[in-house]
Amino acid sequence: MNLDPIATNIYLANIPDDAYDLATGIIRITLGVMIIAHGYAKGVTSSKRSGTAGWFHSIGMRPGGLHAFLAAYTEMTVGALLVLGLLTTFAAAGLVGVMVVAGWTVHRKSGFLITKGGYEYVALIALMSVALATLGPGEASLDHQIGIAQDLNGWTGLWLSAGLGIAMAVLQLAAFFRPKSAAESND
């Protein structure tokens, strides 16, 4: 396992490869399965998706139907990529983007704690995604098997996952976030 430039860190250098790979696998698969379930719950069936579409419209993501579809399938796709360890850094960027949009549109007004509807949960998922992209997917991944894992971790993984994720979120919000005005809210 070559973690350059991270390998120079004395603490990571002393972690056995199998423990490191187990830890990154646990993070990768846990995030992947969790976000697949989250995407599936948004509505794979059209009847469920119509309710989700109305909710997306109500939070200002318009058109709601498009965003219900995109959110569900983006979450399931990035989740599957994480489980497989395929294009892990880019899957992490996708997850960062989804969580930034969720944090901005739904959770930011409620403060930090998720028990109050805050952004704690989405921040944790986004930051764990960046950490995973920084550490790499581990040896039990398709990225490792095809030889790209070492090229997309470390500082490259950090900046790609955080930068692309935030950029995608900002673009999506700029193009589609149209919350109700104060006058519309009173109707």
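Residues numbered from 1 in each chain as written. Predicted model: local features only at pLDDT ≥ 70, side-chain atom pairs only at ≥ 80, totals over all residues. Heavy atoms only, no water.

Some thoughts on the nonpolar core
Of all hydrophobic cores here, the largest spans 16 residues; its most connected members are L31, I35, V78, L82, L95, M99 and I125. Sorting the residues of this core by element identifies α2 (17-43), α4 (64-84), α5 (88-107) and α6 (120-135) as the ones contributing at least two each. A per-element tally of this core places α5 first, with 6 residues. Contacts of L31, omitting those with residues within four sequence positions, involve L82, L95, I125, M128, S129 and L132. Counting residues in hydrophobic clusters, the runner-up holds 10 residues, among them A53, A68, A71 and L173. (Core = buried A, V, L, I, M, F, W, Y, C linked by side-chain atoms within 4.5 Å. Buried < 20%, exposed > 50% of the residue type's maximum accessible area, 1.4 Å probe, protein only. Helix = DSSP H or I, 4+ residues; strand = E, 2+ residues; numbered from the N terminus. Contact = heavy atoms within 4.5 Å.)

Considerations on the packing of aromatic side chains
Evaluation of the coordinates by the stated rule reveals 3 aromatic pairs. On the numbers, 4.8 Å between centres and 40° between planes, the contact of F69 with Y73 is tilted. Of this pair, F69 and Y73 both sit in helix α4, 4 residues apart, which is roughly one turn of the helix. Between F112 and Y119, the aromatic rings sit 5.5 Å apart at their centres with planes inclined by 80°, giving edge-to-face as the arrangement. The class of F112 is partly exposed, set by a relative accessible area of 44%. By relative accessible area, which is 34% here, Y119 ends up partly exposed. We note R108 situated over the ring of W104; from NZ or CZ to the ring centre the distance is 3.9 Å. (Phe/Tyr/Trp six-rings, centres within 6.5 Å; stacked < 30°, edge-to-face > 60°. Lys NZ or Arg CZ within 6 Å of the ring centre and 35° of its normal.)

Topic: the packing of α5 against helix α8 (residues 154-176)
The packing of two helices is summarised by the inter-axis angle and the distance between the axes. Running from N to C, α5 and α8 point in directions that differ by 40°, and their axes come no closer than 7 Å. For the element pair α5 / α8, the angle class is oblique. Considering the relative orientation of α5 and α8, their crossing is right-handed. Contacts between α5 and α8 involve T89, F90, A92, A93, G94, V96, G97, V100, V101, W104 and T105 from the first element and G157, L160, S161, A162, L164, G165, I166, M168, A169, Q172 and L173 from the second. By residue class, the composition of the contact of α5 with α8 is 14 nonpolar, 8 polar and no charged. (Axes fitted to C-alpha atoms, helices over the stretch in contact; angles between N-to-C directions. Parallel < 35°, antiparallel > 145°, perpendicular 65-115°, else oblique. Left-handed = near helix turned anticlockwise from the far one by under 90°. Nonpolar A, V, L, I, M, F, W, Y, C, P; charged D, E, K, R; others polar.)

Note that all results are geometric; they support no functional claim without further evidence.
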